[in-house]
Amino acid sequence: MPDGVPSIDLVAGQWDGPRDRWLAAFTPGNDTFSGHLPALVEAPDPLARSYYLAAWQAVRGDAGPRAAALLDPVRTRARLLAALASAAGSFRAVESYLVVTGDLDLLAEKAGGATVLDHLRALAAIPAGSAPVAVDAARVGRARALAALLRRLGEADGAAAVELAAADRARDVLGRYAGGGRWHAPSRRAGDTPDDWAGAFVAVAGEMPEFLDLRQRTELVEFAVRHLGEESRGAVAYPLCRLGRTDLAADLLAGAERPGPADLEAILAGLFGIRADFAGWEAGTRRVRQRGLGRLENLPATLT
């Protein structure tokens, strides 16, 4: 392990398993897991505490897609195939695994009679008709991610068609923007309500920030600051990072009372650029170093 990794005491005595298992989770080539988590070093104590408390949850089995792929890619691969075979697969979980590991052979594997790539196509499909903003924004994100993967696989025409459909739905989403971080419903029957605006913020800012103009980005940040204090800090922090406000995101994450999978994902993906998405992969996205927030050590070669 690199120098500067906080001791087990940093997780406030909550680790109740063997110490060797905890240390193995951050050690390349360990005998316990098929991978390892990066170590966060030279970070402010509050942020380090959030990171390692959330990592503790991951080691116990409650891991988000990036953390799962980093810590135990062999078991994660098997779980992904089983989930797809039972029609319970997650596009983002498969995406994270592929980007973290570089295991493109998985795309040709069969799961429930279809290849993993076919499952991804189905999971990223954009149906006709509008849904609530959060749902449609997530669809835009998945479709654009699929387009990036298809380009990487040499399917330029297919990628272009998917991207056009995503752009059309993105325009529909932004056409429902009411200002001030609030949204109109696509129809009375589908109706977004004020209770849905938090989900809309998370999905729009997290999945399609490139479509937002400066005014919209500013208003969404202001909305998050004013109205989302009771939401999951990790869920809000990552979209803030995508809007360029890593400072606000870092404050949120450092103050998390009970950090969990969303917080760990936001630290990895938002603060340190381990986005693990096809678009970032295609563009050659690499980790970033945020001044004053420490650095991640022992990342796999696929992410460095």
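About the criteria used
Residues numbered from 1 in each chain as written. Predicted model: local features only at pLDDT ≥ 70, side-chain atom pairs only at ≥ 80, totals over all residues. Heavy atoms only, no water. Salt bridge = Lys/Arg side-chain N within 4 Å of Asp/Glu carboxyl O. Helix = DSSP H or I, 4+ residues; strand = E, 2+ residues; numbered from the N terminus. Buried < 20%, exposed > 50% of the residue type's maximum accessible area, 1.4 Å probe, protein only. Contact = heavy atoms within 4.5 Å. 1 Å grid on protein atoms, 1.4 Å probe; cavity = no way out; pocket = protein on both sides within 12 Å on 5 of 7 lines; lining within 4 Å. Points joined across faces, edges and corners; volume = space filled by probe spheres on them. Nonpolar A, V, L, I, M, F, W, Y, C, P; charged D, E, K, R; others polar.

K.L.:
Is there a simple way to think about the pattern of salt bridges in this case?
P.N.:
When their charged atoms lie close together, side chains carrying opposite charge are able to pair. The tally for this structure, following the rule as stated, stands at 20 salt bridges. The shortest N-O distance in the salt bridge between Arg121 and Glu155 comes to 3.0 Å. One end of the pair, Arg121, is in helix H6 (residues 116-123); the other, Glu155, is in the loop between helix H7 (133-152) and helix H8 (156-174), and 34 residues separate them in sequence. Since its relative accessible area comes to 31%, Arg121 is described here as partly exposed. Looking at Glu155, the relative accessible area reads 29%, which means it is partly exposed. Linked by salt bridges that have partners in common, Asp136, Arg139, Arg169, Asp172 and Arg176 make up one network.

K.L.:
How should I be thinking about helix H11 (residues 233-242) in this particular structure?
P.N.:
Helical geometry note: an α-helix holds 3.6 residues per turn, so side chains three or four residues apart project in the same direction. Counting buried residues in H11 gives 8 out of 10 residues, a clear majority hidden from the surface. Within the sequence span of H11, burial applies to Gly234, Val236, Ala237, Tyr238, Pro239, Leu240, Cys241 and Arg242. Those residues of H11 hidden inside the fold are in contact with helix H3 (65-71), helix H9 (197-207), helix H10 (214-227), helix H12 (246-254) and helix H13 (261-271). Backbone geometry just downstream of H11 places Gly244 in the positive-phi region, at approximately 85°.

K.L.:
Looking at this structure, how should I read the layout of surface pockets?
P.N.:
It is the rolling of a water-molecule-sized probe over the atoms that shows where space remains empty. Roughly 740 Å³ of internal volume is contained in the largest pocket. Lining the largest pocket are 33 residues, with Arg66, Arg92, Gly206, Glu207 and Tyr238 positioned closest to its centre. Elements that contribute at least two residues to the lining of the largest pocket include exactly H3, helix H5 (91-101), H7, H9, H11 and H13. Looking at the lining of the largest pocket element by element, the count peaks at 7 residues for H7. Residue composition of the lining of the largest pocket, grouped by class: 15 nonpolar, 5 polar and 13 charged. If you add up the space inside the second largest pocket, you get close to 320 Å³.

K.L.:
Any chance you could explain the side chain of Thr115 here in plain terms?
P.N.:
With respect to the helices and strands, the residue Thr115 is situated in strand E3 (residues 114-115). The residues touching Thr115, leaving out its near neighbours within four places in the chain, are Leu107, Ala108, Glu109 and Lys110.

All we've got here are geometric facts, nothing functional implied.
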